[in-house]
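If you want the building blocks of each chain, they are given just below.
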Amino acid sequence: MAEIAVMDRRKWLLRLIYVRLAVFSIFVAGEGTRKIVQPDIFILLAVVYGLSACWFVLLRLNKSYVWQAYAQIALDLFLITWTVNRTGGVDSLFSSLYFLEIVMSSILLERRGAFMSATASSVIHLAHMDLGWFGYIPSTTNVWPDLPSLQYIVSLNIFGFCSVAFLSNFLAESWRRTGAQLEKSTGQIAFLKAFSDRIVDSLASGIVTTDLEVRIYLFNHAAEEITRYRLEQALRLTIWEVFPGMLPKISSARFEIPTTRRDGQSIHLRFSVSPVMIDEKNTAGYVWCFDDVTELRALEQQVRQKEQMAAIGAMSAGIAHEIRNPLASIAGSFDLLKTDLSLGPDQRQLVDIITRETERLNRTITEFLSYARPASPKRRSVDLSELISETVQLMRNSPELKPSHKIETRLRAVKSEVDESMMRQVFYNLASNAFKAMPEGGTLTISLEARNGNARIRFEDTGIGLGDEDVKRLFVPFNSSFRNGTGLGLPIVYQIVNAHNGSIAVKSRKGMGTTFVIDL
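The following refers to the structure shown. (Residues numbered from 1 in each chain as written. Predicted model: local features only at pLDDT ≥ 70, side-chain atom pairs only at ≥ 80, totals over all residues. Heavy atoms only, no water.)

1. Some remarks on empty space enclosed by the protein
Under the counting rule described, the total for this entry stands at two cavities of 30 Å³ or more. Approximately 110 Å³ is the volume found for the largest cavity. If you go around the largest cavity, the residues you meet are Leu16, Val19, Arg20, Val23, Phe24, Asp76, Ile80, Leu97, Leu100, Glu101 and Met104. Within the residue set of the lining of the largest cavity, elements represented by two or more residues are helix 1 (6–31), helix 3 (65–86) and helix 4 (97–134). Looking at the lining of the largest cavity element by element, the count peaks at five residues for helix 1. Residue composition of the lining of the largest cavity, by class: eight nonpolar, no polar and three charged. If you add up the space inside the second largest cavity, you get close to 30 Å³. Along its surface, the second largest cavity is lined by Thr227, Tyr229, Val242, Phe243, Thr259, Thr260, Arg261, Arg262, Ile267 and Leu269. Looking at the lining of the second largest cavity, the elements that each hand over two or more residues are strand 3 (254–260) and strand 4 (266–277). (1 Å grid on protein atoms, 1.4 Å probe; cavity = no way out; pocket = protein on both sides within 12 Å on 5 of 7 lines; lining within 4 Å. Points joined across faces, edges and corners; volume = space filled by probe spheres on them. Helix = DSSP H or I, 4+ residues; strand = E, 2+ residues; numbered from the N terminus. Nonpolar A, V, L, I, M, F, W, Y, C, P; charged D, E, K, R; others polar.)

Next comes the structure, spelled out in structure tokens:
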């Protein structure tokens, strides 16, 4: 059997007080329309108001609501009997107030209270009528019926009291049981909703649900992290607005797209799309599950670059070695010959060209051999800020630095275990590359800071920038964007950083400059 909650019983006690005040106030107002009003009617109303004030105080001070309910109902039965007695006795229309009190008892005190109230009402009503008929108590009844008729009327009222007790108890129990089940179901639904929301928000993959017009209705926490859209910003937008670059028609349930976040950062996403089925034929919308695979694709690109460079290095090392030896012989023989020859101005110019190009070819082969057969780094603890400062000082005296070039440094003292000579080569190559990328002048900003226990070095220029395809081929050997470049400077940088178990990343856009970020 469902029991009434403590707070519900308190609410119903308050309602009983309000109903009592309203009923007796209406009763006195109705009596006031008569020519002759019994003086004790006003005493009755004063008693009702005084008791109601006491009940209000007790509800605040005392938490024993069951005993208060019994007390209120017991006193109400005597007040109702008083009212019936002063308004015609057996002819009174206010006998129906007993029914109201029985109904309130079934609500407040459940089954036992309902039948106790019905029994008390029956006993009090029978005693009141019989004592009034025999003249033991005063009564306002004008004409009493004979005793059998009186007993018949009282019996009908008692039958009514018992019937109302039974029916009101049945309805109250059904109401309480339904309320308890509804509350339990509501709690379960709220728990399941909160639990499912927590599951969706705990997923590492982005989850988006849309209707048939691809308007967004659900956007989990991972989706916020990946797209940089907040939930309230994404709701009611279409999937095409949140993911620019996605085709309006999806031909496959699984696909990958390059797109941009809300802050403009380019990312690569992998999607799977499933319809939300109402039944076997009808669809209510779609569920879009996606992951950020930007780093994965970058790692795959790095692996391909490593494989490509390893293959080129293995194949070309032998060729370069075979070319270098004959080239050295040719250069030495030519130096001996030119000392024995009498050359004119034009011939000397040709000799200088041969010498210069031989030296350039030898330098290229030397760099290539350095790339193809890298030496193992000899590490020691080095203050990278001092190393970068020395490299910057060297670059200021380089012929590659023009008056329109500026070098800015933002360095913090960070020590790292590196090969000093190799890292000088890395810094020099990156700086040299930056100056070549700024033919009309610009600013090279070099910064150094500690990040998560490692050193982070940034070379940021304001040059011509690179396209996406150029960035992908940046560390491929012999892929130079500059005139007279060997295309080996950046591959050597990549190889040195990789030999130090570090990483190098490139961010560049056409006309917006290029940034190299090294983590060691």
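The rest of the description comes next.
2. Section: the packing of aromatic side chains
Counting across every chain of the model gives twelve aromatic pairs. Judged by centre distance (6.1 Å) and plane angle (45°), the ring pair of Trp67 and Tyr70 falls under tilted. Here Trp67 pairs with Tyr70, and both are found in helix 3, just three residues apart, close to one helical turn. Judged by relative accessible area, Tyr70 falls into the partly exposed class, the value being 27%. Measuring from centroid to centroid gives 5.0 Å for Phe243 and Phe290, while their planes differ by 75°, and the two rings are edge-to-face. Here Phe243, found in the loop between helix 8 (239–242) and strand 3, pairs with Phe290, found in strand 5 (residues 283–292); they are 47 residues apart in sequence, far enough to count as distant. For the pair Phe243 and Phe290, a shared accessibility class is recorded, and that class is buried. Aromatic rings pair up to connect Trp240, Phe243, Phe255, Phe271, Tyr286, Trp288 and Phe290 into one cluster. (Phe/Tyr/Trp six-rings, centres within 6.5 Å; stacked < 30°, edge-to-face > 60°. Buried < 20%, exposed > 50% of the residue type's maximum accessible area, 1.4 Å probe, protein only.)

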